[in-house]
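Per-entry structural report
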Amino acid sequence: MELVVVSVLGADRVGIVAGIASVLARHNANIVDISQTVVRDIFSMIMVVDISKADVDISQLRRELEEEGKRLGVMVGVFHIDVFKYMQRI
Amino acid sequence: MRFDPREIGEVLEMLVFRELDIRAVTLSVNTLPAIRPNLKDALDALSHLLEPYARRLRPAAEKVASKLGVRIVTVRLAVSPTSIMLEPLGDAKAAVEIAAFLDELAGRHGVDMVGGFSAFVHGGVSRGAAALIEGLAEALNSTERVAGFLNAASTMTGINLEAVRRAARIVLSLKPHAAARFAVTANLPEDVPFMPGAYHGLGQPDAVVNIAVSGPGVIEAVVRSLPDADVRTLHDAIKRAAFKITRLGELVGREVAKELGVAFGAVDLSVAPSPKVGDSVAAVLEAMGLPRVGAPGSVFALALFTDAVKKGGAMAASTIGGLSGAFIPVSEDAVMSQAAAEGAITLDGLKAMAAVCNTGLDMVGIPADVGPDVVAAIIADVMALAVHLDKPLGVRLIPVPGARPGDIYDLGGLYGRVAVVDASRYSKIPLVARPGTAPPGVERLKKG
């Protein structure tokens, strides 16, 4: 598995999960974990995604997800899981 | 390995909202194999040696940044002290031409800076160092990306007052943008990733990557979340945050070194500030409970901060290196700059703070009409602190033409806004006109 973290933050609206998930599905990136909250109309979602079988690399996936984020009016970030392993585990 | 959403959220907040990034990836290269008895051959050899590294550096850093989703703010090259290349040439014009070559090479390959245009003169000035010193002002004034230093003091050999005097004259002949690329240093380590202290040390492999981290915004947020905590709890919270920040440097260093196929050297765990809002070390000190940085209590606050950063960072990095303490460069830290313009930060205050950090007097503006005695004496004071406390310190002063204390000169970019401070009420200081090298102190004797 090659895991990446996708974070989405912005004003809540219909279609955010669907929009982001459809980009991932189009590239055969598998969502392995997802958590989502809406606090005072601010939508926040964190996905852990396996891109080992995806047809694009993390850079290309980031570009497309950021583009989708712009369309949806939300901020999207894509980070390699190693960042979290290094910073949150000894 | 599973992560709690709060753990992921904490890292995301640091990266997205707290300006956590990698300040510099510095590729340090041994350029001594390019030493030749004449300039043309030396430049050819230097080109042959450095081109392959320079060409691959930025793409490698960008590839790693893109893979991880982490910003790398600058990429830099560090070369062996140029004075050594100048030993057979012995010529200031050669020094200027080598600087021009390094500047052009860096510009062509998107390398932000090249460090190592430098000499070690703490015990005396060699033929190559003399050539470098003679050419330094012209070399830095005529380039954009070249950085250098004169190491004028060391715990082991003492303080070379002659070198201090010559360095002072160089400082006063530099344009502001060039002065930002020149420091007078003491005890400079061999693996500094920060400019202008970076150079390729003599005890290093042929090529090695060193990393400089940022992240004061992360620590400021932690401190602000603990308004009523006792100082031990505060220290512990800073330590934990520093661990995470330094870990990011460790990860990026390993990845870039792998990508370049060179050794990974060290992480400098100093959390470097930048002029951006929310990226200030001084703001951390104020968040601890200072009305303004520079107020009484500033040395205590800085000591607490530096100690916690060192203890947290030490475990996060496989090897710590460089200056590894705390940076309070006045212009490069928006809150420091403002405090200096208000008069809360003074030269004397900075000297006191230098006792508990690794900065010295960094990016401080002085009126350009200050006499060379004053500049030399200011440098000598910091050299004395470094030698007698046995630590690296530096002096990077920016002479601003026509300026008075309280004025601001905007250098732009990462250099920020230079606040001009009162340098001295005296102009003649005969002490610094005395020849010779001050002997090393008791710290030297302790080492046997």
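Below is a short write-up of the structure.

Conventions adopted
- Residues numbered from 1 in each chain as written.
- Chains lettered and ligands numbered in written order.
- Predicted model: local features only at pLDDT ≥ 70, side-chain atom pairs only at ≥ 80, totals over all residues.
- Heavy atoms only, no water.
- Helix = DSSP H or I, 4+ residues; strand = E, 2+ residues; numbered from the N terminus.
- Rg over C-alpha atoms; globule rule 2.2 N^0.38 Å.
- Buried < 20%, exposed > 50% of the residue type's maximum accessible area, 1.4 Å probe, protein only.
- Contact = heavy atoms within 4.5 Å.
- Areas by Shrake-Rupley, 256 points an atom, 1.4 Å probe, with all protein chains shown as cover.
- Lys, Arg positive; Asp, Glu negative; His and termini not counted.
- Charge placed at Lys NZ, Arg CZ, Asp CG, Glu CD.
- Core = buried A, V, L, I, M, F, W, Y, C linked by side-chain atoms within 4.5 Å.
- Pairing = 2+ DSSP bridges.
- Phe/Tyr/Trp six-rings, centres within 6.5 Å; stacked < 30°, edge-to-face > 60°.
- Polar contact = N/O pair within 3.5 Å; in protein donor to acceptor, adjacent residues only side chain to side chain.
- Axes fitted to C-alpha atoms, helices over the stretch in contact; angles between N-to-C directions.

Take the overall build of chain B next. What chain B contains, in helices and strands, is 15 helices and 14 strands. The C-alpha atoms of chain B give a radius of gyration of 21 Å, which matches the 22 Å a tight globule of 448 residues would have. Its C-alpha atoms give chain B principal-axis dimensions of roughly 60 × 50 × 50 Å. Within chain B, the fraction of its 448 residues that count as buried is 60%. If you take every contact in chain B between residues at least 6 apart in sequence, the share linking residues at least 24 apart comes to 80%. Accessible surface, chain B as shown: approximately 16300 Å² in total, 55% of it carbon and sulfur. Averaging the positions of the 45 positive and the 47 negative side-chain charges in chain B gives two centres separated by 2 Å.

Okay, unusual backbone geometry next. Across the junction of M195 of chain B and P196 of chain B, the peptide omega takes the value 5°, indicating a cis bond. Structurally, P196 of chain B is set in the loop between β7 (182-186) and β8 (207-213). A positive phi is found at R40 of chain A, a non-glycine position, where the angle reads about 50°. Mapped onto the elements of the fold, R40 of chain A is located in the loop between β2 (30-39) and β3 (42-50). With a phi angle near 55°, D390 of chain B is a residue other than glycine that sits in the positive phi range. By secondary structure assignment, the location of D390 of chain B is in the loop between α14 (372-389) and β11 (393-400).

Residue and element names in this part refer to chain B. Locating E220 in the fold gives a position in helix α8 (residues 216-224). What makes E220 buried here is its relative accessible area of 14%. Apart from residues lying up to four places away in sequence, E220 is in contact with G278, A283, V284 and A287.

Turning to the nonpolar core, a few remarks are in order. Counting 170 residues, the largest nonpolar core has V83 of chain A together with V25, L150, I219, V252, F305 and M383 of chain B as its most contacted members. Per element, the largest residue contribution to this core is 14 residues, and it comes from helix α2 (residues 39-68) of chain B. With residues up to four places along the chain from it excluded, the contact list for M383 of chain B reads A152, A153, I159, V164, V184, T185, A186, L393 and V395 of chain B. Ranked by size, the runner-up nonpolar core spans 22 residues in total, among them V4, V8, L65 and V74 of chain A.

Once that is clear, we can look at the pairing of β2 of chain A. Residues and elements named next belong to chain A. Here nine bridges tie β2 to β3, and the two strands are oriented antiparallel to one another. When the sheet's bridge partners are listed, I31 is paired in β3 with V49. Linkage of β2 to β3, two consecutive antiparallel strands, is achieved through a turn of two residues, within which R40 is found at a positive phi near 50°.

With that settled, consider the packing of aromatic side chains. The full count for this structure, using the stated rule, is six aromatic pairs over all chains. Ring centres of F79 of chain A and F84 of chain A lie 6.5 Å apart, and the angle between their planes is 85°; this geometry places the pair in the edge-to-face category. Here the two residues F79 of chain A and F84 of chain A agree in accessibility, since each one is buried. Taken together, the ring pairs connect F79 and F84 of chain A together with F3 of chain B into an aromatic cluster.

Right, let's talk about the side chain of T26 of chain B for a bit. Residue and element names in this part refer to chain B. The residue T26 is located in strand β1 (residues 22-29) in this model. You can call T26 buried: its relative accessible area is 0%. Separated by 2.7 Å, the side chain of T26 and the backbone oxygen of P193 make a polar contact. Residues within four places of T26 in sequence aside, it is in contact with R76, L77, A78, P193, A198, V208, V209 and N210.

Before going further, it helps to spend a moment on the sheet that holds strand β4 (residues 74-80) of chain A. All names here are of chain A. Strand order across the open sheet formed by four strands is β2-β3-β1-β4, with antiparallel pairing between neighbours. Where the open sheet ends on each side, the last strands, each with one partner, are β2 and β4. Neighbour-to-neighbour, the strand axes of this sheet turn through a mean angle of 15°, independent of strand direction. Pairing of strand β1 (residues 3-11) with β3, which is carried by nine bridges, proceeds in the antiparallel orientation. Of the residues in β3, the one forming a bridge with V6 is M47.

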